[in-house]
Amino acid sequence: GAVVSQHPSRVICKSGTSVKIECRSLDFQATTMFWYRQFPKQSLMLMATSNEGSKATYEQGVEKDKFLINHASLTLSTLTVTSAHPEDSSFYICSASTMGQGGTEAFFGQGTRLTVV
Amino acid sequence: AQSVSQHNHHVILSEAASLELGCNYSYGGTVNLFWYVQYPGQHLQLLLKYFSGDPLVKGIKGFEAEFIKSKFSFNLRKPSVQWSDTAEYFCAVNGGATNKLIFGTGTLLAVQP
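Residues numbered from 1 in each chain as written. Chains lettered and ligands numbered in written order. Predicted model: local features only at pLDDT ≥ 70, side-chain atom pairs only at ≥ 80, totals over all residues. Heavy atoms only, no water.

## Some words on the overall build of chain B
Worth spelling out the cut-off: Helix and strand definitions here come from DSSP, where helices need a minimum of 4 consecutive H or I residues and strands a minimum of 2 consecutive E residues; each element is numbered from the N-terminal end. The globule rule used here is 2.2 Å times the number of residues to the 0.38 power, and the radius of gyration it is set against is calculated over C-alpha atoms.
Of regular secondary structure, chain B possesses 0 helices and 12 strands. In sequence order, chain B lays out its α and β elements as β-β-β-β-β-β-β-β-β-β-β-β. Relative to the compact-globule value of 13 Å for 113 residues, chain B shows a C-alpha radius of gyration of 13 Å, a close match. Each principal axis of the C-alpha atoms in chain B carries an extent, and together these give about 45 × 30 × 20 Å.

The structure is reproduced here in structure tokens:
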């Protein structure tokens, strides 16, 4: 299957700083990528849809100025958590979609564990 | 709006027991349905998917799921679980014009040897 690589896998930052997370589709082009957040013992919550060459579409309740998304190429989307606070500590996961047999299929990165201290 | 409901939050089974995890969704149009598994410390992996055709779908590692349109359900089954099946299982759906996946809350399966 297709491979999605996410970097870094783990990051610790100080409160007030910004952190950038990269999501790359390694062997396919992805016009659309998705960013999720997963709280402990909870499901994945869709944060935003990242569209190559245009603005991201944010889900209700997600602050677009807080979580900046850039999808500069067909293989790279970045999520920047700006002015991070401890409550932003979470597991962030990206996915990219490509056409599989019969329909669109999503492939997931390995996730980034963000800890804000 | 689409939503996905998984009824079992935590399931504990002994090896060789049969497994069925419930998943119901709400969406009025054509949907694509997925089951993902997340092993401890690893990323999400696709177990199986339904796009169209035979409503009984077979996936990897002996898992299968049945799409019952009248019940808006897509339950996951395995006849005989193994200790290595210990993981968290997520049901997901997408439909309409977008590719975004909506996930259920997940079911944590613990298989005791």
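Moving on from the model shown.
## As for the nonpolar core
Side chains of nonpolar character tend, in soluble globular proteins, to be buried together. Test applied: We call a set of buried Ala, Val, Leu, Ile, Met, Phe, Trp, Tyr and Cys residues a nonpolar core when their side-chain atoms join them within 4.5 Å. Residue burial is assigned from relative accessible area. The probe radius is 1.4 Å, only protein chains are included, and a residue is buried under 20% of its type maximum, exposed over 50%, and partly exposed in between. Here, residues are in contact when the closest pair of their heavy atoms is within 4.5 Å.
L33, W35, L47, L48, F74, L76 and Y89 of chain B are the most contacted members of the largest nonpolar core, which totals 28 residues. Secondary structure elements with two or more residues in this core: β2 (10-14), β3 (19-21), β5 (31-38), β6 (45-50), β8 (64-68), β9 (73-78), β10 (87-95) and β12 (107-112) of chain B. For L76 of chain B, the residues in contact, after removing those within four places along its chain, are L19, E20, L21, W35, L47, L48, F63, E64, A65 and Y89 of chain B. Grouped together as the second largest cluster of nonpolar side chains are 25 residues, M47, I69, A84 and A96 of chain A included.

## Examining the pairing of strand β7 (residues 67-73) of chain A
Residues and elements named next belong to chain A. As a reminder, the rule being used: The criterion for strand pairing is that DSSP finds at least two bridges linking the strands in question.
Examined bridge by bridge, β7 and strand β8 (residues 76-81) share 5 bridges and lie antiparallel to one another. Residue S73 lies in a different strand from β8, and its bridge partner there is L76. Where β7 hands over to β8, the hairpin turn is made up of 2 residues, counted between the paired strands.

## A short note on the layout of surface pockets
All names here are of chain B. Where we set the bar: Residues are said to line a cavity or pocket when one of their atoms sits within 4 Å of a point; the points come from a 1 Å grid over protein atoms alone, cavities being sets where a 1.4 Å probe fits but cannot get out and pockets being open sets with protein on both sides within 12 Å along at least five of seven lines. Grid points are joined across faces, edges and corners, and a volume is the space filled by probe spheres set on the points. Residue polarity is assigned by list, with Asp, Glu, Lys and Arg as charged and Ala, Val, Leu, Ile, Met, Phe, Trp, Tyr, Cys and Pro as nonpolar; anything else, Gly included, falls into the polar class.
The volume enclosed by the largest pocket comes to roughly 610 Å³. Looking at side-chain class alone, the lining of the largest pocket contains 7 nonpolar, 12 polar and 4 charged residues. Counted as a void, the second largest pocket has a volume near 160 Å³. Residue lining of the second largest pocket: Y25, Y27, G28, G29, T30, V31, Y50, F51, F67, K69 and F72, and that is the complete set.

## Some remarks on the interface of chain B and chain A
Under the convention used in this document: The term buried area means the drop in 1.4 Å probe accessible area that two parts suffer when joined, counted for both and summed. By salt bridge we mean one thing: a side-chain nitrogen of Lys or Arg within 4 Å of a carboxyl oxygen of Asp or Glu. Here a polar contact means two N or O atoms within 3.5 Å. Within protein one must be a hydrogen donor candidate and the other an acceptor candidate, and residues neighboring in sequence count only if both atoms are side-chain atoms.
Residue-level contacts link 15 residues of chain B with 20 residues of chain A. Of the roughly 1500 Å² buried at the junction of chain B and chain A (both faces included), carbon and sulfur atoms supply 57%. Between the two partners, chain B and chain A, sit 0 salt bridges. Our enumeration of links across chain B and chain A arrives at 4 residue pairs in polar contact (both at pLDDT 80 or more). Of all the secondary structure elements, the ones that give two or more residues to the side of chain B that touches chain A are β5 and β6 of chain B. Grouping the constituent residues of the side of chain B that touches chain A by class yields 8 nonpolar, 5 polar and 2 charged.

## A look at the state of the cysteines
What counts is decided by this rule: The criterion for a disulfide is a pair of cysteine sulfur atoms lying within 2.5 Å.
Taken as a whole and assessed by the stated rule, the structure comprises 2 disulfides over all chains. With a sulfur-sulfur separation of 2.0 Å, C23 of chain A is cross-linked through a disulfide to C94 of chain A. Residues C23 of chain A and C94 of chain A share a disulfide whose torsion about the S-S bond is about 80°; that sign makes it right-handed. Taken as a pair, C23 of chain A in strand β3 (residues 19-25) and C94 of chain A in strand β9 (residues 90-100) lie far apart in primary sequence, 71 residues in all. Residue class for C23 of chain A comes out buried when judged on its relative accessible area of 0%. For C23 of chain B, the disulfide goes to C91 of chain B, at an S-S distance of 1.9 Å. On the S-S bond that ties C23 of chain B to C91 of chain B, the torsion sits near -65°, and the link is left-handed. On the criterion of sequence distance, the pair formed by C23 of chain B in the loop between β3 and β4 (24-26) and C91 of chain B in strand β10 is long-range, its members being 68 residues apart. Taking relative accessible area as the criterion, C91 of chain B reaches 0% and is therefore assigned buried.

## Remarks on the packing of aromatic side chains
For clarity, the cut-off: Two aromatic rings from Phe, Tyr or Trp, using only the six-membered ring of Trp, form a pair when their centres are within 6.5 Å; if the ring planes differ by under 30 degrees the pair is stacked, by over 60 it is edge-to-face, and anything between is tilted.
Scanning the entire structure with this criterion turns up 14 aromatic pairs over all chains. Note on F34 of chain B and Y36 of chain B: the rings are 6.1 Å apart at their centroids and 25° apart in plane angle, and the pair reads as stacked. For the pair formed by F34 of chain B and Y36 of chain B, the shared burial category is buried. Taking the centre distance of 5.9 Å and the plane angle of 50° together, the rings of Y36 of chain B and F103 of chain B count as tilted. A residue pair is termed long-range when its members are at least 10 positions apart, and Y36 of chain B in strand β5 and F103 of chain B in strand β11 (residues 102-103) qualify at 67 residues. Grouping residues by exposure puts Y36 of chain B and F103 of chain B together as buried. Through successive ring pairs, a cluster of aromatic residues spans Y36 and F108 of chain A together with F34, Y36, F51, F90 and F103 of chain B.

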